[in-house]
Amino acid sequence: MHNDEIAGIFEQLADLLEIDGANPFRVRAYRNAARLLRGLPEEAADMLARGEDLSQLPSIGEDLAGKIAEIVETGRLETLQALKKTTPAGLAELTRIPGLGPKRVRLLRDALGVKSPAGLRRAAMSGKLAQLPGFGVKTQANIRAYFDSDRSGEKRTRLADAEKVAQRLVAYLEGAADRKHIVVAGSFRRSCETVGDLDIVVASASPQKVMDRFAAFDEIATVAGKGKTRATVRLRSGLQVDIRAMELASFGAACVYFTGSKAHCIALRKRGVSKGLKVNEYGVFRRDKSIAGETEKDVYAALGLPLIPPELREDRGEIEAAEKGKLPRLVALGDIRGDLHVHTKASDGRDDIRAMAKAARARGYDYLAICDHTKHARIAHGLTPSRLERQIDRIDALNEELSGIRILKSSEVDILADGSLDMPDSVLAKLDLVVGAVHFDFDLTPARQTERIIRAMDHPAFSILAHPTCRLIGARDPMRVQMERLMDAALERGCYLEANGQPERLDLNDVYCRMAKERGLKLALSTDAHSTEQLDFMRFSLGQARRGWLSPGDVINTRSWRDLKSLLKR
DNA sequence: GCCGTTTTCGGCCCGACTGTTTTCAGTCG
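Residues numbered from 1 in each chain as written. Chains lettered and ligands numbered in written order. Predicted model: local features only at pLDDT ≥ 70, side-chain atom pairs only at ≥ 80, totals over all residues. Heavy atoms only, no water.

## A look at the overall build of chain A
Helices and strands together make up the secondary structure of chain A, namely 24 helices and 18 strands. Computed over C-alpha atoms, the radius of gyration of chain A comes to 26 Å, within 12% of the 25 Å expected from 2.2 N^0.38 for 570 residues, which places it in the range of a compact globule. Its C-alpha atoms put chain A at 80 × 60 × 50 Å along the principal axes. Across chain A, contacts joining residues at least 24 apart in sequence account for 68% of those joining residues at least 6 apart. Counting every atom, chain A has about 24,900 Å² of accessible surface; 50% of that belongs to carbon and sulfur. (Helix = DSSP H or I, 4+ residues; strand = E, 2+ residues; numbered from the N terminus. Rg over C-alpha atoms; globule rule 2.2 N^0.38 Å. Contact = heavy atoms within 4.5 Å. Areas by Shrake-Rupley, 256 points an atom, 1.4 Å probe, with all protein chains shown as cover.)

## Observations concerning the protein's contact with DNA strand B
Not every one of the 50 residues close to DNA strand B is listed here, only the nearest: Ser-59, Gly-61, Gly-99, Tyr-257 and Arg-269. Measuring from a phosphate oxygen of DNA strand B, one finds a backbone N or O atom of Gly-99 at 2.6 Å. At a separation of 3.5 Å, a phosphate oxygen of DNA strand B approaches a polar backbone atom of Thr-229. The residue inventory of the surface near DNA strand B, partitioned by class, reads 17 nonpolar, 14 polar and 19 charged. (Near = heavy atom within 4 Å. Polar contact = N/O pair within 3.5 Å; in protein donor to acceptor, adjacent residues only side chain to side chain. Nonpolar A, V, L, I, M, F, W, Y, C, P; charged D, E, K, R; others polar.)

## Remarks on the sheet that holds strand S17 (residues 496–500)
Spatially, five strands are ordered S14-S15-S16-S17-S18 in an open sheet, and the strand pairing comes out parallel. Each end of this open sheet is capped by a strand with a single partner; those strands are strand S14 (412–414) and strand S18 (523–526). Direction aside, neighbouring strands of the sheet carry axes that sit 40 degrees apart on average. Pairing of S17 with S18 involves four bridges; the strand directions are parallel. Within S18, the position partnered with Glu-498 by the bridge is Ala-524. Contacts between helix H23 (residues 538–547) and the sheet are confined to S17 and S18, with S18 contributing the most and set at about 145 degrees to the helix. (Pairing = 2+ DSSP bridges. Axes fitted to C-alpha atoms, helices over the stretch in contact; angles between N-to-C directions.)

## A look at the domain arrangement of chain A
Here chain A is described as being made up of domain 1 (3–152), domain 2 (155–244), domain 3 (247–327) and domain 4 (333–568). For domain 1 versus domain 3, the separation of C-alpha centres amounts to 29 Å. (Domains from an automatic or database assignment.)

## As for the pairing of strand S11 (residues 338–342)
With respect to burial, S11 is a largely interior element, five of its five residues being buried. Pairing of S11 with strand S12 (residues 367–370) involves three bridges; the strand directions are parallel. Looking at S12, one finds that Gly-338 is bridged to Tyr-367. (Buried < 20%, exposed > 50% of the residue type's maximum accessible area, 1.4 Å probe, protein only.)

## Here's the deal with the packing of helix H20 (residues 446–458) against helix H21 (residues 483–493)
Viewed as axis vectors pointing N to C, H20 and H21 meet at an angle of 10 degrees, and their least axial separation amounts to 10 Å. With respect to each other, H20 and H21 are oriented roughly parallel. The chirality of how H20 crosses H21 is right-handed. Contact residues: H20 offers Ala-447, Thr-450, Glu-451, Ile-453, Ile-454, Met-457 and Asp-458, while H21 offers Arg-485, Leu-486, Ala-489, Ala-490 and Arg-493. (Parallel < 35°, antiparallel > 145°, perpendicular 65-115°, else oblique. Left-handed = near helix turned anticlockwise from the far one by under 90°.)

## Focus: the sheet that holds strand S9 (residues 283–286)
Here we have three strands laid out as an open sheet, ordered S8-S9-S10, and antiparallel in their pairing. Only two strands of the sheet have a single partner each, and these edge strands are strand S8 (277–280) and strand S10 (289–292). Mean inter-strand twist for the sheet, computed between neighbouring axes without regard to direction, equals 35 degrees.

## Re the environment of Glu-193
Its place among the elements puts Glu-193 in the loop between helix H11 (186–189) and strand S3 (194–195). On the basis of relative accessibility, which here comes to 22%, the residue Glu-193 falls in the partly exposed class. Each C-alpha atom, one on Glu-193 and one on Glu-43, is 21 Å from the other, the two residues being 150 residues apart in sequence. Leaving out residues up to four positions away in the same chain, Glu-193 has contacts with Thr-157, Arg-158, Leu-159, Arg-471, Ile-473, Leu-506, Asn-509 and Gln-544. In terms of polar contacts, Glu-193 uses its side chain to reach the side chain of Arg-471, at 2.7 Å.

## Considerations on the side chain of Ser-187
With respect to the helices and strands, the residue Ser-187 is situated in helix H11. Discounting chain neighbours no more than four positions away, the residues touching Ser-187 are Arg-156, Cys-192, Thr-194, Val-195, Gly-196, Asp-197 and Thr-259.

## Remarks on helix H18 (residues 385–401)
When the terminal C-alpha atoms of H18 are compared, their 25 Å separation across 17 residues agrees well with the 24 Å that a helix rising 1.5 Å per residue should span. Close packing links the buried residues of H18 with helix H17 (353–362), S12, strand S13 (406–409) and helix H19 (425–428). (Expected span 1.5 Å × (residues − 1).)

## Considerations on the nonpolar core
With 60 residues, the main nonpolar core has Met-457, Leu-497 and Leu-525 as its most contacted residues. One finds Leu-91, Ala-92, Leu-108 and Phe-135 within the second-largest nonpolar core, a separate group that totals 45 residues. (Core = buried A, V, L, I, M, F, W, Y, C linked by side-chain atoms within 4.5 Å.)

## Notes on the pattern of salt bridges
Counted by the stated rule, this structure contains 43 salt bridges. The partner of Asp-4 in a salt bridge is Arg-38, with the nearest N and O atoms 3.6 Å apart. Placement of the pair is Asp-4 in helix H1 (residues 3–19) and Arg-38 in helix H2 (residues 24–39), with a sequence separation of 34 residues. Relative accessible area serves as the criterion here: at 46%, Asp-4 is assigned to the partly exposed category. When the shortest N-O distance is used, the salt bridge between Arg-38 and Glu-11 registers 2.8 Å. With Arg-38 in helix H2 and Glu-11 in helix H1, this residue pair connects regions lying 27 residues apart in the sequence. Where salt bridges share partners, they join Arg-190, Glu-314, Arg-316, Asp-510 and Arg-547 into one cluster. (Salt bridge = Lys/Arg side-chain N within 4 Å of Asp/Glu carboxyl O.)

## What to know about the packing of H1 against H2
Relative placement of two packed helices is described by the angle separating their axes and the distance separating the axes. Where H1 contacts H2, the axes come no closer than 8 Å and their chain directions differ by 165 degrees. Between H1 and H2, the interaxial angle falls into the category roughly antiparallel. Here H1 runs over H2; the crossing is left-handed. Here Asn-3, Asp-4, Ile-6, Ala-7, Gly-8, Phe-10, Glu-11, Leu-13, Ala-14, Asp-15, Leu-17 and Glu-18 of H1 lie close against H2, whose contacting residues are Arg-26, Val-27, Tyr-30, Arg-31, Ala-33, Ala-34, Leu-37 and Arg-38. Taken together, the residues of the contact of H1 with H2 sort by class into eleven nonpolar, two polar and seven charged.

## Let's talk about the pairing of strand S6 (residues 230–235)
As defined by bridge partners, strand S5 (residues 220–226) adjoins S6 across five bridges and the pair is classed as antiparallel. The partner of Ile-220 across the bridge, within S6, is Leu-235. Once S5 ends, the chain turns through three residues before running back antiparallel as S6. Once S6 ends, the chain turns through four residues before running back antiparallel as strand S7 (residues 240–246), passing Gly-238 with a positive phi of about 100 degrees.

## Notes on helix H12 (residues 207–215)
Listing the buried residues of H12 in full gives Pro-207, Val-210, Met-211 and Phe-214. Taken around the axis of H12, the buried residues stretch over an arc of 100 degrees, which confines them to a single face. Tucked into the core, H12 has its buried residues touching helix H10 (159–173), strand S4 (197–204), S5, S6 and S7. (Arc of directions from axis to C-beta.)

Written as structure tokens, this is what we have:
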């Protein structure tokens, strides 16, 4: 039983309790517990197995500790099963329809006997909906429109896809009159792997002009709301965008507020209350007097804290760390000395070794590891032993010729079903480093998958495990592996795990990055680039690493080649 | 349901916008 699964049960319980009219603070307690579990760098089940007291965790008390134990032991939660009898699970889906929240859904259940989206649709079409108190023809029309519309665009958008939209929108808003600063805030700024919407904050002396220009952006499909200072639209791509125009004096406070996370902001406001301060998107106030607001630094300083980097703002201990002066110095692009996983056109990349090396040099790197696939990866035109040997010679020649960049001889060796490597030892011995990866048989049992990979790590040449879970965001679930075991095995064997920067992979993710750090395991931040431009995917690898609290010392490719070499197996 | 330099009980973050209303509840972020 993984933390995500336990969290999912608590989230479902919270949704249904809320509809049932439970104490809202009790509902929040379940949501807080779910959030904590999703960010926990250790499996609650393992902590229980070691006899740890989960009620020592923040926001977990006696009751929730007991419920976690119940879920781990039985796979289910009796409280949830009982509640589902009166409040069917289908009702929770209704709260995801815009304009419907728990109170209205409860009314739908009690007055019309609605149990699911299908039931709501019937009520809306028959016209009964508009008769309910608090509902009206407009609400009914909105709900009908929801059922008529294509709702496929409402799923979360990958960070890299959101980035393209954000860049176009920012460029467009740059033309707004009187605008001073534009920040894309929200989960985008926190480098979350996917974003639900884009939150844009603009500092301007004439907010109305910013709103008007925004509303005329040519990618807008529908305008959901538009006021004097804020507006919400949906783009044709399905992505929702919220914009807020603020006075310069409030810009920092607005950036804090709209960058979130919600949990982080709530924690900040609570901290404010304890100091007799009110914190909102306009500033920090003592009684009615503003004491901060123009910059984020001022806002945090007014709360007695140093500026907290956006990637850490998840209420996962960053406020406590900031208070004690123990925030990590997060790894940044300038710390990266080379990329340890790229492809060339010898396998499934687009560019040749020379072009990749020059592109790496142009990015200020000292080294670049060429990691083409091996022959088992047939669709990727994987290299046979003899082709790899020729590539090794080619790299030796290029290293003679090119200055300012060292090309490392490497390979993304397939880890075969039994854990052996798809390349003879005699060839592996000629490489500077060996990167290995799983590319098939993703659905072994967790124990077998873990043993397969550990067997590969046992190989005397194996150094880095690429994209350890093999997940593809929104397309393929992560492999089921025993991650703690894998990390401990890597530590024992002098191996490292990769944080892969391909936008659909981001594997390891933030939580696993932090888990590695807590165990003392260092990571390789790599792009898995298949073209020269993709070397810039390092920013996505860094995003997850920074969300996982990693410092330069936690990352092997922040070192010079000489120092890195001493960390690698040969 | 959690939590405690004010509390073991009584608190628990804050404001904009919409649609329903005649002063505001619900939703949303």
